[in-house]
Amino acid sequence: MVQARKAKRNSLNKRTFGMVAVTCVLTFTALLILLPFYNCIVISFESPQAYMLHPVSLYPVEFSLKNYSYLLEKGQIGIGYVNTIFITVTGTVYGMLISVMTAYAFSRRRFPGKKALFMLMMFTMFFSGGMVPMYLQLKGMRLIDTLWGVILPLGVSTYNIIILKSGFEQTPIELEEAAKIDGANDLVIFVRIMLPLQGALLATFTLFTAVAYWNEWFWSMLLINTGSKMTLQTVLRAIICEAAVDSDINSGDAATEVFSQGVKMAAVIMTMLPIMCFYPFLQKYFVKGVSVGAVKM
Amino acid sequence: MNGERQLSASGVTGIWRRLGREIWDARFIYLLLLPGILYFAIFHYGPMSGLMLAFKKFNARLGIWGSEWIGLKNFERIFATPAALSAIRNTFEINISRLIFQFPVPIFLALLLNEMRGTRLKRVYQTVYTFPHFLSWIVVSSVLLDFMSNGGAVNTVLVALGGNRVNFLSDTSLFRPILYFTHNWKEMGWNAIIYMAAIAGIDPSLYEAATVDGATKAKQVWHITLPGIKQTIITLFILEVGRTMNAGFEQIFYMQNAAVKPVSEILDTYIYTITFQSTPSYGFSTAVGMFKAVINLAMLVIANRVVKSLNGSGMFG
């Protein structure tokens, strides 16, 4: 009896010890992720003079908004915001429309060519023409130096379509038949009955698509030459490169270099600001999208 | 005889008529599919047809279709170009190391997070871990490179603890470990979610039975959790192998500098450099890209085959 109780207590101790160890590892990992961001925020609010004396500190020694005001005066970040909001909104609507229509079409009854078309779509997940043919294709379509060249190729993902399709497939066919008897046509069934039933999944993929557009950088860098069409990420890249160049050229003039570092960090914060603000509230939708995908796999 | 022929002829027209009716009945479906078909034709199969450039000498005046065929010359050139060969080797090395140093990390993380099930703390951790996934590599590399720079926080702490400054960013032997570390930093939390969803799908009665039988936590993980998420691990592994020749363009593009180029130049950065930063030879660039895409596809098929023969089922059933 006593022995049994002892054994129980022992296993309990072991268990709490295990939990403490797990918590320690997880907390350390969380700090590893948070600290660089915190460091970045501190530097962006540090006055250039104070940064020179204390390049690393736990809080801004001399709180200042100089970096941000310099950044806003330069103007480029405002242009970047306008263009990025434009491609994010337009692109998300465009991408979701195509994805939802395609997914729904593949989820319904049989039709001639269904299997072949689906295979052709799947194949694009595993094989692509690559960077240069894509560039020449966009060039041929006269999409160089336009935001549409950035918007049109992005936004539709085969993976999203497949997950959405299995979502639609789960809606019982009786629902559709009942609506048909009530005189609803195909379009009404699609828009008024099928879409609302997939609300959560649609919200998830809308967010994914929006984030993809917000973070898009490669094609805007390749395609856009005009300053007034630059997106936020290309503006950020330019600021960072400029900072690097500044510190190379003015190696004797420390003030320029130091100012650049603060501005650079302020630009980083400005670029991730919307995601930083919205993410904690939208997290459950993002997680849901992946979890659904895992189950459907 | 004559009647027989008539019969078969009317049978053929009957098939066509039935097909016509089926297509007409599904007209709404085709209408819905139209934008998607256009999208995939223009932005996927269009560029794929551009792959013929790999077998041509590109002439801007004549265009892709009009340019002269030169057979496999572009591919021969890949194997005669030391920079291309070095990029191929780097790509392979980096990606195999990624399978070793990156692939298992989210699985461990998911197992650990699973122990915190039901607590508020778990949600906090999850929010923190998944957040960097939603930032671009420019943002992430700026944040991390500053943190690890010569005058940055890490080096300041190192010096304060009595150590020496480490030149993290331009040391060729540190570049690749930093690559794997920063990738884990950005993506492990997000990739762990898939595994956590899979773990959540395991029948809880299995754990109850194991606890009654006196199985330790470690044994439960080994005999219940891991087998339960085996299929998920396999699928993600095959997909990862299918990306063998994509070593992570954006990450490397931002993090590399002239000092580490010998160990950091991968096929994608190489294609970018020869195409957009010097006099381009579109045919050659396309050939390098195609070489990459074909190997990826082959690796995917091979991995699926191997797994299928070992396991009974691969990714595609």
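What you see is a predicted model; the values in this text were computed from it and never measured. Residue numbers run consecutively from 1 along every chain, following the written order of its sequence. Both sets of labels track the order of writing: A upward for chains, 1 upward for ligands. Local features in this predicted model are restricted to residues of pLDDT 70 or higher, and side-chain atom pairs are both shown and tallied only at a pLDDT of 80 or more, whereas totals for entire chains, interfaces and linings draw on every residue. Each side-chain value is worked out from all heavy atoms of the structure, with water and hydrogens disregarded.

**Q** Tell me about the packing of helix α5 (residues 114-126) of chain A against helix α2 (residues 27-49) of chain B, and please be specific about residues and values.
**A** Angles here are taken between N-to-C directions and fall from 0 to 180 degrees, while the axes themselves are lines fitted to C-alpha atoms, restricted in helices to the stretch in contact. In this text, helices come from DSSP runs of H or I with a minimum length of four residues, and strands from runs of E with a minimum of two, each type numbered from the N-terminal end. The N-to-C vectors of α5(A) and α2(B) enclose an angle of 45°; their axes lie 11 Å apart at closest approach. If you check the angle between α5(A) and α2(B), you find them oblique. Between α5(A) and α2(B) the crossing geometry is left-handed. Contacts between α5(A) and α2(B) pair A:Leu117, A:Leu120, A:Met121, A:Phe123 and A:Thr124 from the former with B:Leu33, B:Ile37, B:Phe40, B:His44, B:Tyr45 and B:Met48 from the latter. Charged residues are taken to be Asp, Glu, Lys and Arg, nonpolar residues to be Ala, Val, Leu, Ile, Met, Phe, Trp, Tyr, Cys and Pro, and polar residues to be all remaining types, Gly included. Among the residues making up the contact of α5(A) with α2(B), the classes are represented as 9 nonpolar, 2 polar and no charged. Angle categories: roughly parallel below 35 degrees, roughly antiparallel above 145, roughly perpendicular from 65 to 115, and oblique for all the rest. Note: crossing handedness is left-handed where the near helix turns anticlockwise from the far helix by less than a right angle, and right-handed where it turns clockwise. By definition, residues are in contact when any of their heavy atoms lie within 4.5 Å.

**Q** Talk me through α5(A); I want residue IDs and the actual numbers.
**A** What α5(A) keeps buried is the set A:Phe118, A:Met121 and A:Thr124. Take α5(A) and look down its axis: the buried residues cluster within an arc of 110°, on one side only. Structural note: α5(A) exposes A:Lys115 and A:Met119 on the side pointing more than 90 degrees away from its buried face. Looking at the buried side of α5(A), the elements it contacts are α4 (76-107) and α8 (158-169) of chain A together with α2 of chain B. Three labels apply to residues, based on accessible area from a 1.4 Å probe with only protein chains included: buried if under 20% of the type maximum, exposed if over 50%, partly exposed otherwise in between. Arc definition: it is the arc formed by the directions from the helix axis to the C-beta atoms.

**Q** Lay out empty space enclosed by the protein in plain terms, naming residues and giving numbers.
**A** Residues and elements named next belong to chain B. Two kinds of site are reported from a 1 Å grid over the protein atoms alone, namely cavities, where a 1.4 Å probe fits but cannot get out, and pockets, open sets with protein on both sides within 12 Å along at least five of seven lines, and residues are called lining when an atom falls within 4 Å of a point. Grid points are joined across faces, edges and corners, and a volume is the space filled by probe spheres set on the points. According to the stated counting rule, one finds 1 cavity of 30 Å³ or more in the structure shown. As for the largest cavity, its lining consists of Asn95, Ile96, Leu99, Glu240, Val241 and Thr244. Among the secondary structure elements, those contributing two or more residues to the lining of the largest cavity are α5 (82-101) and α13 (230-241). Tallying contributions element by element places α5 first for the lining of the largest cavity, with 3 residues. Looking at the lining of the largest cavity, its residues break down into 3 nonpolar, 2 polar and 1 charged.

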